Amino acid sequence: MKNPSIATTAMLLFGLVFGACKNNGMIIKMDGSSTVFPITEAVAEEFQKQHETRVTIGVSGSGGGFKKFCNHETDFSNASRPIKLSEVEQCRKNHVEYIELPIAYDGIAVVVHKDADWVDTLSVAELRKLWLPSAQGKLTHWNQLRPSWPEKEIHLFGPGIDSGTYDYFTEAIVGEEHSSRGDFTSSEDDNVLVQGISGDKYALGFFGLAYYIENRDKLKVVPIRAGDKDPVSPSFETVADGRYQPLSRPLFVYVNKQVADRKDISAFVRFMLERAAPYIREVGYIPLPSAAYALVKERFTKRITGSLFGGKGSQVGVKVEELLQNQ
């Protein structure tokens, strides 16, 4: 996976480097999740080699992407969680109908500095205790989580509040989407989080699995224990088979129905759904089962609008294959 400074180079990369290619004036505009960005970046790079179309991709986070998408500023919105009610209402207000396209699975990795040798596992209960809003200013040291751990100040890192990863993590761990303590270093650029955690022995943070895989030489991933089950580390296998819970989630691309009949848009969607699986693996994510991609393609072909998740945002432990079969 390529490792640019996402927030500062995504638009430059596609606006200038690929903008130099021959094109017939067609431009596909995307924005949204930094987690989904490496997938659409890889797909767009290959697509532009074969089509006279320019693709621009911004990284405003899932929430920031939906703001632009629901205001007719983009054709696609990348999201690391399903659209939520406030965004559904914004799209409705602006007469934007959307087609939801699940494209991959991801796990949220909880990571610490590579030399944090005292951290062997964390339970969901411990993570909740650490990230609850009421923990702010009170739970500030490692030994407050476990007495045997160092009496050192814990420094927290996480995605910004416009991030779908933040939304999903808070729903899965705290129990309420968009609810957490506020005294943590946040960024929509996952590379900033990697740099912060890898440079601080007493740091802990979370982001998409792909960014851990890309930086595993700098970081240590923490196995997570749910209830009385054995701790599980995030991996392609444990995310795909559902063992890594509750921090496995689907990833999405949303397309504005109003532009879905454009030749460049429909060609890009077909290319993504038919050929994306190897690119998804290459950049560190987990492809959907082939039968699921066929159902997603059917969803686009029939122009089925709305969300499989009912506009309720992040939902833990849901398999999109099962939802697609009932679309």
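For every chain, the first residue of the written sequence is number 1, and numbering continues from 1 onward in sequence order. Only residues with pLDDT of 70 or above have their local features reported here, since the model is predicted, and side-chain atom pairs are shown and tallied only from 80 upward, although totals for entire chains, interfaces and linings are computed over all residues. Side-chain descriptors were evaluated using all non-hydrogen atoms of the structure, hydrogens and water having been removed beforehand.

Once that is clear, we can look at the packing of helix α10 (residues 263–282) against helix α11 (residues 290–301). Close contact between α10 and α11 brings their axes to 10 Å; oriented N to C, the two are set at 165°. With respect to α11, the element α10 is oriented roughly antiparallel. Where α10 crosses over α11, the two elements pack in a sense that is right-handed. When α10 is examined against α11, the residues S266, V269, L273, E274 and I280 are found in contact with a partner set consisting of Y293, V296, K297 and F300. Classifying every residue of the contact of α10 with α11 gives 6 nonpolar, 1 polar and 2 charged. Here an angle of 0 to 180 degrees is reported between the N-to-C directions of two axes, which are lines fitted to C-alpha atoms, with helices fitted over the stretch in contact. In this text, helices come from DSSP runs of H or I with a minimum length of four residues, and strands from runs of E with a minimum of two, each type numbered from the N-terminal end. Any angle that falls under 35 degrees is termed roughly parallel, while one over 145 is termed roughly antiparallel, one within 65 to 115 roughly perpendicular, and all others oblique. Here is the rule for handedness: rotate from the far helix to the near one, and if that takes an anticlockwise turn smaller than a right angle the crossing is left-handed, while a clockwise turn gives right-handed. We call two residues in contact whenever any of their non-hydrogen atoms come within 4.5 Å of each other. Ten residues, namely Ala, Val, Leu, Ile, Met, Phe, Trp, Tyr, Cys and Pro, are considered nonpolar, four, namely Asp, Glu, Lys and Arg, are considered charged, and the remaining ones, Gly among them, are considered polar.

Most of helix α3 (residues 61–69) is tucked away: 7 of the 9 residues are buried. Note on classification: 1.4 Å probe, protein chains only; a residue is buried when its accessible area is under 20% of the maximum for its type, exposed when over 50%, partly exposed between these limits. Turning to α3, its buried residues are G61, S62, G63, G64, G65, F66 and F69. For α3, the elements touching its buried residues are β1 (27–32), β3 (76–79), α4 (85–93), β4 (98–113), α6 (164–174) and β11 (248–256).

With that settled, consider α6. Note on helix geometry: an α-helix contains 3.6 residues per turn, so any two residues three or four positions apart are oriented the same way. Counting buried residues along α6, 10 of its 11 residues qualify, which places the element largely inside the surrounding structure. Among the residues of α6, those classed as buried are G164, T165, Y166, D167, Y168, F169, T170, A172, I173 and V174. Of the surrounding secondary structure, the elements contacted by the buried residues of α6 are α3, β4, α5 (124–131), β6 (155–159), β8 (203–208) and β11. Positive backbone phi, at 100°, marks G175, one or two positions downstream of α6.

The omega angle of the peptide bond from Q245 to P246 is 10°, so this bond is cis rather than trans. For P246, the location among the structural elements is in the loop between α9 (236–240) and β11. In this model, H72 sits at a positive phi of 65°, which is unusual for a non-glycine residue. For H72, the position within the fold is in the loop between α3 and β3. Overall, H72 belongs to the partly exposed group, its relative accessible area being 38%. A positive phi is found at H95, a non-glycine position, where the angle reads about 60°.

For the rest of this paragraph, the subject is the packing of aromatic side chains. Note on aromatic contacts: the rings of Phe and Tyr and the six-membered ring of Trp form a pair at centre separations within 6.5 Å, being stacked when their planes are under 30 degrees apart, edge-to-face when over 60 apart, and tilted otherwise. The tally for this structure, following the rule as stated, stands at 15 aromatic pairs. A ring pair is formed by F66 and Y254, whose centres lie 5.0 Å apart and whose planes are at 75°; its orientation type is edge-to-face. With F66 in helix α3 and Y254 in strand β11, this residue pair connects regions lying 188 residues apart in the sequence. Comparing F66 with Y254, the two get one shared label, buried. Relative to F206, the ring of W131 has its centre 5.3 Å away and its plane inclined at 80°; by these criteria the two rings are edge-to-face. With W131 in helix α5 and F206 in strand β8, the pair connects residues that are 75 residues apart, well separated along the chain.

This brings us to the pattern of salt bridges. Only one rule defines a salt bridge in this text: a Lys or Arg side-chain nitrogen within 4 Å of an Asp or Glu carboxyl oxygen. Scanning the model with the defined rule gives 18 salt bridges in all. Of the charged contacts, one joins D162 and K67 as a salt bridge, the two residues approaching to 3.9 Å between their closest N and O atoms. Here the residue D162 occupies a position in the loop between β6 and α6, and K67 occupies one in helix α3, the gap between them amounting to 95 residues. Given a relative accessible area of 47%, K67 falls into the partly exposed group. Taken together, the salt bridges that share partners define one network made up of R81, K84, E87, D167 and E177.

By themselves these figures say nothing about function.
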